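Structural description and commentary
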Amino acid sequence: MQYYQAFISAEQTTQAYRILDALIAKQLVFGGPIVGGPAKFLWNFKDSDVPESMREPKLYTLDQDYKYIITYTREDLKDELIEVAEAASLEEVCMISFLPMETNRSLRLLLDASFEGREAQAKPESVGAVVALTFVPKADIPSRTKSSNGPVGGRR
């Protein structure tokens with residue numbers, strides 16, 4: 001199975017959450033961070049949904065704070081992912097790109113488990129908790145991460 005890292009554009013954090021929630025609800029993506037920052041785009045407003053006075057065959061540059069969802073998916077889910085993301089997006093052009101990737105065994109198993117039985121499973125629901133940081137003794141660190149070389153499901 002081919003896996004992909006997907007990048008999905010959004011004009012605002014709220015829009016990004018709307019898209020990500022729609023994709024997670026259908027188990028089309030694993031989930032991931034919404035990252036953002038200053039961006040500049042080259043745009044031709046000739047055919048855009050902008051005021052008539054700006055609709056001319058001229059290139060403009062736009063400065064804005066922009067967001068991207070960074071997530072993982074499988075090859076067999078790409079077409080539906082695009083359809084759902086575009087339907088949830090408010091942008092004129094929802095920019096979606098896929099980078100094929102090789103995974104380590106631990107990530108592959110995690111992704112397979114996340115997409116397993118997606119046709120029959122109920123809608124994912126929030127756990128009602130937040131992630132909290134804690135202190136970990138240095139001696140415990142090597143035993144906390146699942147190994148790609150050790151037994152499946154085991155730690156180092």
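Rules used throughout
- Residues numbered from 1 in each chain as written.
- Predicted model: local features only at pLDDT ≥ 70, side-chain atom pairs only at ≥ 80, totals over all residues.
- Heavy atoms only, no water.
- 1 Å grid on protein atoms, 1.4 Å probe; cavity = no way out; pocket = protein on both sides within 12 Å on 5 of 7 lines; lining within 4 Å.
- Points joined across faces, edges and corners; volume = space filled by probe spheres on them.
- Helix = DSSP H or I, 4+ residues; strand = E, 2+ residues; numbered from the N terminus.
- Phe/Tyr/Trp six-rings, centres within 6.5 Å; stacked < 30°, edge-to-face > 60°.
- Lys NZ or Arg CZ within 6 Å of the ring centre and 35° of its normal.
- Buried < 20%, exposed > 50% of the residue type's maximum accessible area, 1.4 Å probe, protein only.
- Salt bridge = Lys/Arg side-chain N within 4 Å of Asp/Glu carboxyl O.

Space left empty within the atom packing is revealed by a probe, the size of a water molecule, rolled over the atoms. A volume near 290 Å³ is recorded for the largest pocket. Every residue lining the largest pocket is counted, 14 residues in all, and those nearest its centre are Glu11, Trp43, Leu62, Glu91 and Glu92. Taken together, the elements giving at least two residues each to the lining of the largest pocket come down to β2 (34–44) and β3 (59–74). No other element matches β3, which puts three residues into the lining of the largest pocket.

Once that is clear, we can look at the packing of aromatic side chains. Geometry of an aromatic ring pair is reported as the spacing of the ring centres plus the angle between the planes. Summed over all chains, the structure comprises three aromatic pairs. For the pair Tyr4 and Phe98, a centre-to-centre distance of 6.1 Å together with 80 degrees between the ring planes defines the contact as edge-to-face. Within this pair, whereas Tyr4 is found in strand β1 (residues 3–10), its partner Phe98 is found in strand β4 (residues 96–101), the two being separated by 94 residues in sequence. The aromatic ring of Tyr4 is capped on one face by Lys78, whose charged end is 4.3 Å from the ring centroid. The residue whose ring lies beneath Lys78 is Phe98, and the NZ or CZ to ring-centre distance is 5.0 Å.

What follows is about unusual backbone geometry. Even without being a glycine, Gln27 presents a positive backbone phi close to 50 degrees. Along the chain, Gln27 falls in the loop between α1 (13–25) and β2. Taking relative accessible area as the criterion, Gln27 reaches 7% and is therefore assigned buried.

This paragraph deals with the pattern of salt bridges. Tallied over the full model, the rule gives two salt bridges. Here Asp65 and Lys67 are joined by a salt bridge, their closest N and O atoms 2.9 Å apart. Residue classification places Asp65 among the partly exposed positions, given a relative accessible area of 47%. A salt bridge links Arg74 to Asp76; its shortest N-O distance comes to 2.9 Å.

Interpretation in functional terms is not warranted from these geometric data alone.
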